[in-house]
Amino acid sequence: MEKRKEIFSWIKVFGFAIVIALIARNFIFSPYTVHGESMMPTIQNDNRVIVSKLSDIDRFDTIVFDAPDSDDRYIKRVIGLPGDTVEMKNDTLYVNGKAYSEDYLNSVAKQESISQHWTEDFTLEEKTGKKVVPKGYVFVLGDNRPISKDSRIFGLLSMKSIQGQAVFRFWPFNEIGPL
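All figures in this text were calculated on a predicted structure; none of them were measured in a lab.

Procedures and definitions
Residues numbered from 1 in each chain as written. Predicted model: local features only at pLDDT ≥ 70, side-chain atom pairs only at ≥ 80, totals over all residues. Heavy atoms only, no water. Helix = DSSP H or I, 4+ residues; strand = E, 2+ residues; numbered from the N terminus. Contact = heavy atoms within 4.5 Å. Buried < 20%, exposed > 50% of the residue type's maximum accessible area, 1.4 Å probe, protein only. Polar contact = N/O pair within 3.5 Å; in protein donor to acceptor, adjacent residues only side chain to side chain. Lys, Arg positive; Asp, Glu negative; His and termini not counted. Salt bridge = Lys/Arg side-chain N within 4 Å of Asp/Glu carboxyl O. Core = buried A, V, L, I, M, F, W, Y, C linked by side-chain atoms within 4.5 Å. Phe/Tyr/Trp six-rings, centres within 6.5 Å; stacked < 30°, edge-to-face > 60°. Lys NZ or Arg CZ within 6 Å of the ring centre and 35° of its normal.

Caption draft 1: Representation of the overall build of the protein chain in the model. Check the secondary structure of the protein chain and you find four helices and twelve strands. Long-range contacts, defined as pairs at least 24 residues apart, comprise 58% of the intrachain contacts of the protein chain with a sequence gap of at least 6.

Caption draft 2: Layout of the environment of Ala24. Tracing the backbone shows Ala24 in helix 1 (residues 2–27). You can call Ala24 buried: its relative accessible area is 12%. Sequence separation between Ala24 and Lys53 is 29 residues; the distance between their C-alpha atoms is 9.6 Å.

Caption draft 3: Summary view of the environment of Glu126. Mapped onto the elements, Glu126 comes out in helix 3 (residues 124–128). Overall, Glu126 belongs to the exposed group, its relative accessible area being 58%. It is 9.4 Å that separates the C-alpha atoms of Glu126 and Glu87, two residues lying 39 residues apart in sequence. A polar contact is formed between the side chain of Glu126 and the backbone nitrogen of Thr123, at a distance of 3.0 Å.

Caption draft 4: Representation of the side chain of Asp84. Here Asp84 lies in the loop between strand 4 (73–80) and strand 5 (86–89). Given the relative accessible area of 6%, Asp84 is considered buried. Engagement of the side chain of Asp84 in a polar contact is seen with the side chain of Arg59, the distance being 2.2 Å. Reaching out from Asp84, the side chain makes a polar contact with the side chain of Asn96 at a distance of 2.8 Å. If near-sequence neighbours (up to four positions away) are discounted, Asp84 is found in contact with Arg59, Ile79, Val95, Asn96, Leu124, Lys131, Val132 and Val133.

Caption draft 5: View of the side chain of Asp61. Tracing the sequence through the fold places Asp61 in the loop between strand 2 (48–52) and strand 3 (62–66). Despite its burial, Asp61 pairs with no opposite charge; the closest candidate is Arg77, at 6.9 Å N-O.

Caption draft 6: Molecular detail of the nonpolar core. In this structure, Ile79, Val86, Leu93, Phe122, Leu124 and Phe139 are the most contacted members of the largest nonpolar core, which totals 14 residues. Contributing elements (two or more residues each) for this core: strand 5, strand 6 (92–95) and strand 9 (137–141). If we ignore the near neighbours within four places in the chain, the residues touching Val86 are Ile79, Gly80, Leu93, Tyr94, Phe122, Thr123, Leu124 and Phe139. In this structure, Ile63, Phe65, Ala67 and Val78 belong to the second largest nonpolar core, which totals twelve residues.

Caption draft 7: Examining the packing of aromatic side chains more closely. The final tally for this structure, using the stated rule, is seven aromatic pairs. Ring geometry for Phe122 against Phe139: centres 5.8 Å apart, planes inclined by 35°, an arrangement best described as tilted. Placement of Phe122 in strand 8 (residues 122–123) and of Phe139 in strand 9 is noted, with a sequence separation of 17 residues between them. For Phe122, a relative accessible area of 2% translates into the label buried. According to the relative accessible area criterion, Phe139 is buried, its value standing at 0%. Site record: aromatic cluster; members linked through ring pairs are Phe60, Tyr100 and Tyr104. Over the ring of Tyr74 we find Lys76, and its NZ or CZ is 5.5 Å from the ring centre.

Pasting the structure below:
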């Protein structure tokens, strides 16, 4: 009888641990493996990141979201928030008319494209038909602009499709740390 109680106790502990893990994964954080090179050099192909599902999304955060044009998930950087205007001119990003230095972009990669722009000139209206980012949407770009499939191609991204903010990279092991 005593052995039966101990077995039942262990079953309860394992069951409780599984429930806690499922709740944490579905509502607090989850792992994600990056596929593709659109966020290089910040995030490499096959990197693994932890996605926080509780974080508020701000400009320049790296987010994971359900792709609007496939069954995949993409990882990109938030550039425009609701109410923002976005423009790229001569490789300079302007949000609401203010120029931003995009320090997360690889200066070496930008230098490789001296004869051409790293990011082509555009306005939000040219790419999306909207003058400002509407409520409930964001404008996203990949860091590897020449090859990134982002809001310049698929348009504005519904905030409902955002899985969360990529907050921590843990693979490869020599690149462990916050994003």
